[in-house]
Amino acid sequence: MAVLINEQIKADEVMLTGLGGEQLGMVSKAEALAMARSKGADLVCTSLMSSPPPCALVPKGKGKALAQKESAARKTNVGRAVGKSGKEKIKELRFTAHIEEHDYDTKLRQAEKYLRSGKPVQLVVKSSGAKEAPVAKAVLERLLVDLKEAGVKDTGIQTGGKGSQVKLNPRFR
């Protein structure tokens, strides 16, 4: 990862952070370099991935070490925020087309619990053939009606092959 200091920064404008961590907003590179010189500091750019690039004023000589430390911290925080795979975990609940009433109620409570805790849910109804497809779709439609207070449909009901499915997102995160 390249850390650019002072004149190495190529951008015309930068998003500047002061010595105390205060946000100084978008300024021209020349203005930022003049501020750095007047305060006896270095202008350090830690990320080239955004426009304008984020730059910070840091004490003279501490620029490279601090920039690398901030970059490493940002990478670990991004990893923690989204999880290791980068995707949010979706809970899948499976049903059969001819589900018993008490099994339906149990699965319904599970789906509602996941949705209320802020997690998305994938509802899958397996059917043993094309003749059961309408029954599978009816089970999903009933689930959608029963879960309308906890979740909102992300995808339409997808029917194909040996089953039907729908994804629900939590209504309030």
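Our structure's up above, just so we're on the same page.
Because the structure is a prediction, the values reported are computed rather than measured.

Draft legend 1. View of helix H1 (residues 29-38). Buried within H1 we find Ala 32, Leu 33 and Ala 36. For H1, the angular spread of buried residues about the axis comes to 100 degrees, placing them on one side. Exposed and oriented more than 90 degrees from the buried face of H1 are Ala 30, Arg 37 and Ser 38. Tucked into the core, H1 has its buried residues touching strand S2 (13-17), strand S3 (23-28), strand S4 (41-45) and strand S5 (54-59). Trailing H1 by a residue or two, Gly 40 shows a phi angle of about 65 degrees, which is positive.

Draft legend 2. A look at the nonpolar core. Membership of the largest hydrophobic core comes to 19 residues, with the highest contact counts inside it found for Leu 123, Val 125, Leu 143 and Leu 147. When contributions to this core are tallied by element, the ones reaching two or more residues are strand S6 (91-96), helix H3 (101-116), strand S7 (121-126), helix H4 (133-146) and strand S10 (163-170). If one sorts the elements of this core by residue count, H4 sits on top with 5 residues. Discounting chain neighbours no more than four positions away, the residues touching Leu 123 are Leu 93, Phe 95, Ala 111, Leu 140, Leu 143, Leu 147, Ser 164, Gln 165, Val 166 and Leu 168. Core analysis: the next-biggest nonpolar cluster, separate from the first, contains 12 residues, Val 14, Leu 16, Val 27 and Cys 45 among them.

Draft legend 3. Layout of the pairing of S4. Extensive coverage of S4 is indicated by the burial of 5 of its 5 residues. Pairing analysis gives 2 bridges linking strand S1 (residues 4-5) to S4, with the strands arranged antiparallel. Pairing of Ile 5 across the sheet is with Val 44, part of S4. Relative to S5, S4 runs antiparallel, the two being bridged by 5 bridges. Bridged to Cys 45 within S5 is Cys 55.

Draft legend 4. A look at the pattern of salt bridges. Under the criterion given, the structure shown has 4 salt bridges. We note a salt bridge from Arg 116 to Glu 112, for which the minimum N-O separation is 3.0 Å. A residue pair is termed a helical-turn pair when its members lie 3 or 4 positions apart in one helix, as Arg 116 and Glu 112 do in helix H3 at 4 residues. For Arg 116, a relative accessible area of 52% corresponds to the exposed category. Its salt-bridge partner being Lys 167, residue Asp 154 comes within 3.4 Å of it at the nearest N-O pair. Note that Asp 154 is positioned in the loop between strand S8 (151-153) and strand S9 (158-160) and Lys 167 in strand S10, a separation of 13 residues in sequence. For Lys 167, a relative accessible area of 17% puts it in the buried group.

Draft legend 5. Layout of H3. Its 16 residues give H3 an end-to-end C-alpha distance of 22 Å, which sits within 8% of 22 Å, the value for a rise of 1.5 Å per residue. For H3, the full list of buried residues reads Tyr 104, Leu 108, Ala 111 and Leu 115. Along the axis of H3, the buried residues cluster in a sector spanning 65 degrees; they form a single face. Along H3, the residues that are exposed and aim more than 90 degrees away from the buried face are His 102, Arg 109, Lys 113 and Arg 116. In this structure, the buried side of H3 is in contact with S6, S7, H4, S8 and S10. Immediately downstream of H3, the backbone of Gly 118 shows phi near 90 degrees, a positive value.

Draft legend 6. Expanded view of the sheet that holds S4. Read from one edge of the open sheet, 5 strands run S1-S4-S5-S2-S3, paired in mixed fashion. Both outer strands of the open sheet, S1 and S3, are each paired with one neighbouring strand and no more. Bridge analysis of S2 against S5 gives 3 bridges, and the strand direction is parallel. Its bridge partner lying in S5, Met 15 is registered against Pro 54. With respect to the sheet, H1 is in contact with S2, S3, S4 and S5, its orientation differing from that of S3 by roughly 125 degrees.

Thresholds, definitions, all that
Residues numbered from 1 in each chain as written. Predicted model: local features only at pLDDT ≥ 70, side-chain atom pairs only at ≥ 80, totals over all residues. Heavy atoms only, no water. Buried < 20%, exposed > 50% of the residue type's maximum accessible area, 1.4 Å probe, protein only. Helix = DSSP H or I, 4+ residues; strand = E, 2+ residues; numbered from the N terminus. Arc of directions from axis to C-beta. Contact = heavy atoms within 4.5 Å. Core = buried A, V, L, I, M, F, W, Y, C linked by side-chain atoms within 4.5 Å. Pairing = 2+ DSSP bridges. Salt bridge = Lys/Arg side-chain N within 4 Å of Asp/Glu carboxyl O. Expected span 1.5 Å × (residues − 1). Axes fitted to C-alpha atoms, helices over the stretch in contact; angles between N-to-C directions.

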